[in-house]
Amino acid sequence: MSGQTVGPPTSRAEQEGMELALELACRGIRGANPLVGAVILDETGRPVASGWHRGAGTAHAEAAALDELGPVTSEQASRLTMLATLEPCSHRGRTGSCAEAIAATGIGRVVHAATDGTARAGGGAEILSRAGVDVVSGLLGAEARLLNHRWIGARAADRPFTSLHLAQSLDGRIAAADGTSQWITGAGSREHSHLIRARSEAIIAGTGTIFADDPRLTARTPAGTAAPRQPLRVVMGHRELPGGAAVAADDHHVQLRTHDPAAVLAALSARGIDHAMIEGGASIATAFLAADLVDEIWLYQAPIFLGAGRHAVGDLGVGTLAEAGHFRFDDAGGPAHQLLGSDVVLHLEPQPGPADRASEHEGTR
Ligand code: AOF
Ligand code: ZN
């Protein structure tokens, strides 16, 4: 870990700049990568460029801000300060190294909020310091860590970030008494969930769902054509798949013969998968929730009562109210609640625990 602290303490303008960077970070989408925002200030403390990360595979926040800044001489750059909600990355991953790009531009000072604790991308502050950049770590660090608390936890546990999909009736059911379930939610909800599929690297469904619905588990556009990026289709469970199952239509699928969600995530991690969507059904959703392995929820609620039939979620081992797991609305990447056709779509994340809220020693402050 690198928490270099050089140069003058952070100013009011830098605090405000970091608050802006945190707001911008929320425009990104949750998944394989963290939410990150960046703001560049001139020597008077005025923001002159900004950027945010729009999701795995796209430009990092700092690179987007440098891009918006446009060409500057190194003499001009030396008077600029970059504020980033995460330590600029050291690695040349899907995109270039942010630390190297900042140093190459000649930016004089970098203030970042949270350190990047990953082995892959951490250590950027070190690179910047060695290049002669004035580096300060920890400004609004607690806020920045809170913003990505589940992503940080997933990375620390070396498992993919997970998105749980739930499509249910007003009384929380995913099928009627006779097992019919297509469709409880409307076309708008289904389109939205295909966007979540398309941004996931894997999609997990149980053998029960395969037998009941024979889903394709592909990501499709509203027109019904295949999205450009397809998640790995993952079937979880012991039962032999029925011959001709749609999920097995091509090689881009795997069956994991276990009911243990942690084992499934470990197997996906070993394949280099950083973001998995949990499609269903109820026993799969229940297993991931009970193990606290759900990092965000997309809940599609249709305005119908079924009164009988399968519940979306089963026994979570909650014996009394005080044991219930709490979630909170999540505005990252769009409104936490919205209407799609006649359905309500909720975006939720687990309520942070005391450990997520604790503020570490914060750099210069
Ligand atoms: C930054 N700025 O905006 C983000 C960072 O797969 P890649 O190459 O995009 O790299 C993703 C890793 O980089 C991610 O796991 C995290 O450690 C860091 N994310 N870093 O400097 C950004 N999104
Ligand atoms: Zn980067």
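Scroll up to find the structure.
Residues numbered from 1 in each chain as written. Chains lettered and ligands numbered in written order. Predicted model: local features only at pLDDT ≥ 70, side-chain atom pairs only at ≥ 80, totals over all residues. Heavy atoms only, no water.

Engineer: Looking at this structure, how should I read the site of ligand 1?
Structural biologist: Around ligand 1 lies a shell of 21 residues, among which His-60, Ala-61, Glu-62, Arg-94 and Asp-116 are the nearest. At 2.9 Å, a backbone N or O of Cys-89 approaches an oxygen atom of ligand 1. Asp-116 is positioned such that a nitrogen or oxygen atom in its side chain is 2.6 Å from an oxygen atom of ligand 1. In the shell around ligand 1, the residues fall into nine nonpolar, seven polar and five charged. (Near = heavy atom within 4 Å. Polar contact = N/O pair within 3.5 Å; in protein donor to acceptor, adjacent residues only side chain to side chain. Nonpolar A, V, L, I, M, F, W, Y, C, P; charged D, E, K, R; others polar.)

Engineer: Mind showing me how you'd approach empty space enclosed by the protein here?
Structural biologist: Over the atoms, a rolled probe matching the size of one water molecule traces out where space is still vacant. Overall, the coordinates contain one cavity of 30 Å³ or more when judged by the stated rule. Forming the boundary of the largest cavity are Gly-28, Ile-29, Arg-30, Arg-199, Glu-296, Trp-298, Ala-332, Gly-333 and His-347. Taken together, the residues that form the lining of the largest cavity break down as three nonpolar, three polar and three charged. Summarising the domain contributions, the lining of the largest cavity has at least three residues from each of domain 1 (4-147) and domain 2 (155-358). (1 Å grid on protein atoms, 1.4 Å probe; cavity = no way out; pocket = protein on both sides within 12 Å on 5 of 7 lines; lining within 4 Å. Points joined across faces, edges and corners; volume = space filled by probe spheres on them. Domains from an automatic or database assignment.)

Engineer: Would you take a moment to explain the sheet that holds strand S1 (residues 37-41) for this structure?
Structural biologist: Sheets are built from strands paired through backbone hydrogen bonds, the pairs being either parallel or antiparallel. Taken in spatial order, the five strands make up an open sheet running S2-S1-S3-S4-S5, and their pairing is mixed. Where the open sheet ends on each side, the last strands, each with one partner, are strand S2 (47-52) and strand S5 (134-137). Across the sheet, the axes of successive neighbouring strands diverge by a mean angle of 15°, strand direction being ignored. Sheet topology note: the strand S4 (residues 109-114)/S5 ladder contains four bridges and is parallel. The residue bridging Val-111 from the neighbouring strand is Val-136, located in S5. Relative to the sheet, helix H2 (residues 61-69) contacts S1, S2 and strand S3 (81-86), its axis offset from that of S2 by approximately 140°. (Pairing = 2+ DSSP bridges. Helix = DSSP H or I, 4+ residues; strand = E, 2+ residues; numbered from the N terminus. Axes fitted to C-alpha atoms, helices over the stretch in contact; angles between N-to-C directions. Contact = heavy atoms within 4.5 Å.)

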